[in-house]
Amino acid sequence: MKAGFVLSVLKEMRAGFLLSSLLLSLFHSSFGLNEDGFNETKGAIDVRVGVVLAMDSLVGRVSNSCIALAIEDFYNEHPNFDTRLTISWRDSGEDVIKAVSAGVDLMKHEKVQAIIGPQTSGEAEFLANLGDKSQVPVLSFSATSPSLSSSYTPYFVRGAVNDAAQAKPIAALLKAYGWRQAVAICEDSKFKSDLFLYLRDALEEIGSRLQYKSILPTFASEELIGQELYKLMTMQTRVFIVHMSSPLASRLFQKAQEIGMMSKDNAWIISDELAGSLSSMDPSAIASMQGVLAVKTYIPKSQRLANFITRWKHFYSAENTTKFKVPDLNVFGLRAYDMTWVLALAVQKSGTTALPFQQQSTEEEIGNFTDLSNLGISPSGPSILRAILGTTFKGLTGDIRFINGELKASTFQVINIVKEGIRVIGFWSPVSGLSPVAERTQENKKKGYTANMADLRPVTWPGETAVVPKGWVIPTNSKKLRIGVPIKRRYQEFVKVERDPATGRLQVTGFSIDVFAAVMEVLPYSLPYEFLPFADSEGNSAGSYNDMINQVVQGNYDAVVGDVTILVSRSNQVDFTPPYSSAGVSMIVPLQKEKRTKAWTFLKPLTWELWVITTCLFFFMAFVFWVLEHRINENFQGPPIEQLGTALYFSFSTLVFAQRDRINGNMTRFVLVLWLFAVLILTSSYTANLASILTVGQLQPTVVDIETLIKNGDYIGYQNNSYVEGLLVFPKNSLLLSDISNAVLNISEGGKIDSIERASFRKRSVLHNNTSTALSLDCFWGLFVIVWTTSIGALMIFSISFCHKRATGETTMANQSKWQRIKAMAWRFDEKELLWHVFQRRESRNREMELDRDGRPIATDSASSFYMDGEVHFTDDNIRCCSASDSGDDSPAAVPTSTMEEGHTNAQGMCGPFP
């Protein structure tokens, strides 16, 4: 509807506007209002506000009564406010022209500062443009079309939830129940069909789609509704999403029940607008909607809401005693109540006064009601708009807060229409998704967004069944599935197509065909099909496999069966079942005898990294053994070059287990045992791999990759029409895909596919891999780490013990410099550990001397004593003593017993430090 057409109609409304002006004057006189709008009775400034609703509609009657109660409740609760809303009512008659005319009248003659309404999205579209022109905020609590936006008309404020917010809850239901496709049924209005633009995107996100959109006129005949439903019955899809007004929906569901579409295997979902009008629908219509699901705006229960519903019923029955029965209070009435409070708060907050409109032109044509430029501009409009958008409070419908001129998207209920009435089966929120409760606990919130059937309560579906509909059926009058099969001249084990010369009947056999037949047997229903060869007029292949797949995309085939490889590019066009045979690209190339020098074959069993690491580890272990044994083992002492040779010889001799040197320390023995175990594993593995290399014939391929073929410019052979050339089994969202995929998995897990494979491929080829791979560091790094860690630990324990003994035994080191202390420690390390038990036992044996036949001591083979002329001389630095008897003049003087150090004794002419 264009503005020019509206202007031409407004001329006919002049008499009505004059009458409205007269009634307004009478209204001011009766309520004590002067020309400036000052309420002399109440002592407050009256701010004129218009209300445009369809007074004869249920929504209009309920909303009018809620607005009146909102005014009463608000000023009873805020008696000290210095502003007061004064309502001017206008009837739109559910007509766009009347609604626009009412808006012009309110702005031009009543000078209203804001308008509540209108009722429908079509009316709101025009009135929002008028409000934008005159800077008069328009608050609608029932216009939910996504095409209305504050981005285009800033003075339009939506006091309801945008229809687009329903898209994700509906999509979540399809995902939860596993429905891949749906049919949309909507009223012939752009304000109704807008929802499905958003729903289409939401379904694509979850892998579903809208298969078809059925559009019905608002006043469609019973015959037309029946024809459209019969058309839907010929389709496979049995999930229907309905978005229309309640009068049309009532006739739709009654007709659907009549023709058998409200039975099992059918799923119906209705939108929020229709769900909110269920209480006003005829009982016969509700009876025809048994098993229907709906998404509905969630209104939290509260004591305040319960009290208001009771008061509202008394108020409504008093106002409509003779004409209407008391209906259930719907969400539109509650929204009207909350929007009235929003406007009253905003007017008080903005400090609005009754200022006259500013004219947009200097021309004064009071009688020219068709000139929209003379509507004027409200001076208070911008401040009221800012106050409205900034208002937040707790209303009857929950938290009221505006984002981009609209109410914030709220939680939706998922309801099920049953005989007992309406049953809530779950909730949906933007954060948590589907849930059996309205508000999830903190623990459940951590799980994130969900869309699972387990998050909803059980549903009674159409036909009074608890079995979830599959969402599709095979129509009784449907044709056979057209299954495309490839024409193959080679490798016909997968698919072989031939025609009987006598009968001309087509015969299709092969492994892929047998698997397909087995899948059809597993399906719980009969699925008629026929094979169509992908061939030209002469019976040859009509193209490549990609060309055959394009036939599915174009709708010429319903599916393709054969040895079709699953590729990313193909998956973007069609859907595949799970693979029943492994895929990949293999090359068949000639083999050649490996040519190599035999002299260095012994190096082949190990990689060069393992050779280097092993060699370094031998040197490291030599160092460990030297450190641990140097002070306690004479074999590891002597000149530096001798010590180096001994340590390296000992370490490398463990390779062939030829070490003969005695080990004195227990810590060294522990490290040595681990090292011998590592060497055993390493040498055994080396021997086994070397034997394999020397005994097994080495055959190598002449070509190892495609890049080599390209580089050499070689010719490559491949199966005709194969996708391999591109390297140098259902349409998208098929309803059959899920069942057939499950059937493929069924025969795969059950082992039936193995028997089919054995029957199809009698000759089997076995690939032998004769290549011996060199052992790498990955095979031994764990063992090496254990040895290395143990050795480092032993060195650390030895170092700590050694430093501790030296530090406690020599107090003079405290006065030395750091370098002197280091040198002193090095010298001490190079000395023998005289207190070591090995040295002590040896010295004790040296002092156990034997006597000759004359009773004289016999010199022992000791490094610390010798016998001469009947005397025993000990060469230790701290002892010099001899026998007191038989001493000559040139013999060493005897040491009196009294002059010997403590701890020494003199017996039988001998003295010394006896243990």
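Residues numbered from 1 in each chain as written. Predicted model: local features only at pLDDT ≥ 70, side-chain atom pairs only at ≥ 80, totals over all residues. Heavy atoms only, no water.

Draft legend 1. Molecular detail of the sheet that holds strand E8 (residues 209-216). The strand order E8-E7-E9-E10-E11-E16-E17-E18 describes an open sheet built from 8 strands, whose pairing is mixed. Looking at strand neighbours, the two that pair on one side only are E8 and strand E18 (433-435), the edges of this open sheet. Neighbour-to-neighbour, the strand axes of the sheet open up by a mean angle of 30 degrees, direction not taken into account. Examined bridge by bridge, strand E17 (residues 421-429) and E18 share 3 bridges and lie antiparallel to one another. If you follow Phe427 over to E18, its bridge partner there is Ser435. (Pairing = 2+ DSSP bridges. Helix = DSSP H or I, 4+ residues; strand = E, 2+ residues; numbered from the N terminus. Axes fitted to C-alpha atoms, helices over the stretch in contact; angles between N-to-C directions.)

Draft legend 2. Broad picture of a nonpolar patch on the surface. Among the surface-exposed residues, Phe657, Phe677, Leu680 and Ile681 lie close enough to one another that they form a single nonpolar patch of about 340 Å² accessible area. Mapped onto the fold, Ile681 is located in helix H21 (residues 666-695). The class for Ile681 is partly exposed, based on a relative accessible area of 32%. (Patch = residues over 30% accessible without salt bridge, like charges linked within 9 Å, V, L, I, M, F, W, Y side chains within 5 Å. Areas by Shrake-Rupley, 256 points an atom, 1.4 Å probe, with all protein chains shown as cover. Salt bridge = Lys/Arg side-chain N within 4 Å of Asp/Glu carboxyl O. Buried < 20%, exposed > 50% of the residue type's maximum accessible area, 1.4 Å probe, protein only.)

Draft legend 3. Spotlight on the side chain of Ser277. You can see Ser277 is positioned in the loop between helix H10 (272-275) and helix H11 (283-287). The class for Ser277 is buried, based on a relative accessible area of 12%. The residues contacting Ser277, other than those within four sequence positions of it, are Ser246 and Phe332. (Contact = heavy atoms within 4.5 Å.)

Draft legend 4. Main features of the pattern of salt bridges. Within this structure, the stated rule accounts for 15 salt bridges. Close ionic contact of Lys231 with Glu228 constitutes a salt bridge, the shortest N to O distance being 3.7 Å. Of the two residues, Lys231 and Glu228 both sit in helix H8 (residues 222-233), 3 residues apart, roughly one turn of that helix. For Lys231, a relative accessible area of 38% puts it in the partly exposed group. Judged by its relative accessible area of 11%, Glu228 is buried.

Draft legend 5. Spotlight on the packing of helix H4 (residues 96-110) against helix H5 (residues 121-134). Between H4 and H5, the least distance of the axes is 8 Å, while the angle of their chain directions is 25 degrees. The orientation of H4 relative to H5 falls into the category roughly parallel. Read as a crossing pair, H4 and H5 show a hand that is right-handed. Counted together, Val96, Ala99, Val100, Gly103, Val104 and Met107 of H4 and Gly122, Glu123, Phe126, Leu127, Leu130, Gly131 and Ser134 of H5 form the full contact between these two elements. (Parallel < 35°, antiparallel > 145°, perpendicular 65-115°, else oblique. Left-handed = near helix turned anticlockwise from the far one by under 90°.)

Draft legend 6. Main features of helix H19 (residues 608-629). End to end, H19 covers 32 Å across 22 residues, agreeing with the expected 32 Å (1.5 Å per residue, within 8%). Of all the positions in H19, only Leu610, Thr614, Leu617, Phe618, Phe620, Met621, Ala622, Val624, Phe625, Val627, Leu628 and Glu629 are classed as buried. (Expected span 1.5 Å × (residues − 1).)

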